[in-house]
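Structural overview for review
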Amino acid sequence: MTNTEWISALQRGEPGAYAQLYEQHWKSMYKQALGRVEDDQVAQDIVQDVFVSLWQKRERLAISVSMEAFLAGCVKLQVLAYFKKEKVRLRVIEKAMQQMEILLDTEALPQAEMDRSLQRALKGMPENMRQSFLLRCDNRSIREIADILGIAEQTVSNNLNEVVKRLRKKINHQPPGEYMTCLGILLSLYYN
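A few points on the structure. Remember, it's a predicted structure, so these values are computed and weren't measured experimentally.

Quick word on the nonpolar core
Core analysis: the largest hydrophobic core is formed by 23 residues, its most contacted members being Leu 21, Met 29, Ile 46, Phe 51, Leu 54, Leu 71 and Val 75. Mapped onto this core, the elements with two or more residues apiece are helix 1 (3-11), helix 2 (15-37), helix 3 (40-56) and helix 4 (67-104). Broken down by element, the residue count for this core peaks at 7 residues, all from helix 3. The residues touching Phe 51, leaving out its near neighbours within four places in the chain, are Tyr 18, Leu 21, Tyr 22, Trp 26 and Met 29. Core analysis: the second largest hydrophobic core is formed by 14 residues, Leu 118, Phe 133, Leu 135 and Ile 151 among them.

Notes on a negative patch on the surface
Residues Asp 39, Asp 40, Asp 45 and Asp 49 make up a contiguous surface patch of negative charge. Relative to the helices and strands, Asp 45 resides in helix 3.

A few points about the packing of helix 1 against helix 2
One way to put it is that helix 1 packs onto helix 2 with a least axis distance of 9 Å and a crossing angle of 130 degrees. Viewed along their axes, helix 1 and helix 2 adopt a mutual orientation that is oblique. Residue-level contacts link Trp 6, Ala 9 and Leu 10 of helix 1 to Ala 17, Tyr 18, Gln 20, Leu 21 and Gln 24 of helix 2. When grouped by side-chain class, the residues that make up the contact of helix 1 with helix 2 number 6 nonpolar, 2 polar and no charged.

Concerning helix 1
For helix 1, the set of buried residues is Trp 6, Ile 7, Ala 9 and Leu 10. What you see down the axis of helix 1 is that its buried residues fit within an arc of 165 degrees, all on one side. Just beyond helix 1, the residue with positive phi is Gly 13, at close to 75 degrees.

Some remarks on the layout of surface pockets
Reported here for the second largest pocket is a volume of approximately 220 Å³. What lines the second largest pocket is simply Asp 49, Val 50, Ser 53, Leu 54, Lys 57, Arg 60, Leu 61, Ala 62, Phe 70, Cys 74, Leu 77 and Gln 78. Breaking the lining of the second largest pocket down by element, the ones donating at least two residues are helix 3 and helix 4. Looking at the lining of the second largest pocket, its residues break down into 7 nonpolar, 2 polar and 3 charged.

Rules and cut-offs
Residues numbered from 1 in each chain as written. Predicted model: local features only at pLDDT ≥ 70, side-chain atom pairs only at ≥ 80, totals over all residues. Heavy atoms only, no water. Core = buried A, V, L, I, M, F, W, Y, C linked by side-chain atoms within 4.5 Å. Buried < 20%, exposed > 50% of the residue type's maximum accessible area, 1.4 Å probe, protein only. Helix = DSSP H or I, 4+ residues; strand = E, 2+ residues; numbered from the N terminus. Contact = heavy atoms within 4.5 Å. Patch = residues over 30% accessible without salt bridge, like charges linked within 9 Å, V, L, I, M, F, W, Y side chains within 5 Å. Areas by Shrake-Rupley, 256 points an atom, 1.4 Å probe, with all protein chains shown as cover. Salt bridge = Lys/Arg side-chain N within 4 Å of Asp/Glu carboxyl O. Lys, Arg positive; Asp, Glu negative; His and termini not counted. Charge placed at Lys NZ, Arg CZ, Asp CG, Glu CD. Axes fitted to C-alpha atoms, helices over the stretch in contact; angles between N-to-C directions. Parallel < 35°, antiparallel > 145°, perpendicular 65-115°, else oblique. Nonpolar A, V, L, I, M, F, W, Y, C, P; charged D, E, K, R; others polar. Arc of directions from axis to C-beta. 1 Å grid on protein atoms, 1.4 Å probe; cavity = no way out; pocket = protein on both sides within 12 Å on 5 of 7 lines; lining within 4 Å. Points joined across faces, edges and corners; volume = space filled by probe spheres on them.

Encoded structure:
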């Protein structure tokens, strides 16, 4: 098919033309993406994103180069978008790691200060909710907490979810030191 025929068939929404385009070009697009990202799954996702975008924008297609060149350009743009997202994600992780180093520095946040901060954060919460959270921080399973408190496991799960929501809300209104303490508490809940 010529470019004009491809574009016309795609604009009309002909699934056969779309399928044929996919069959003819996916392998070269995949190889191009894989050569740049060096990750099989990411390369597959990039090719899929290109074809989804092509289908969604099919009625507005205006291609002045060959279909191969157009699809190669689309892959290149998707690869660049992937690297941009990855760079942002890595910066966020790096900043979080720096903040965690501060948190884990025992001189920066003594245990007594963490305990006081936790008590302030939990103040005013219902007793079962507070106890569920504290028992979870002691590495108790949801089943154990339910047995100790004499409540249903689902109630324990609901209590823990609600405590986390409330702590997140409090974190947003705390000075940086308190924020880091609360962040440490939340991380210990989910990663212990």
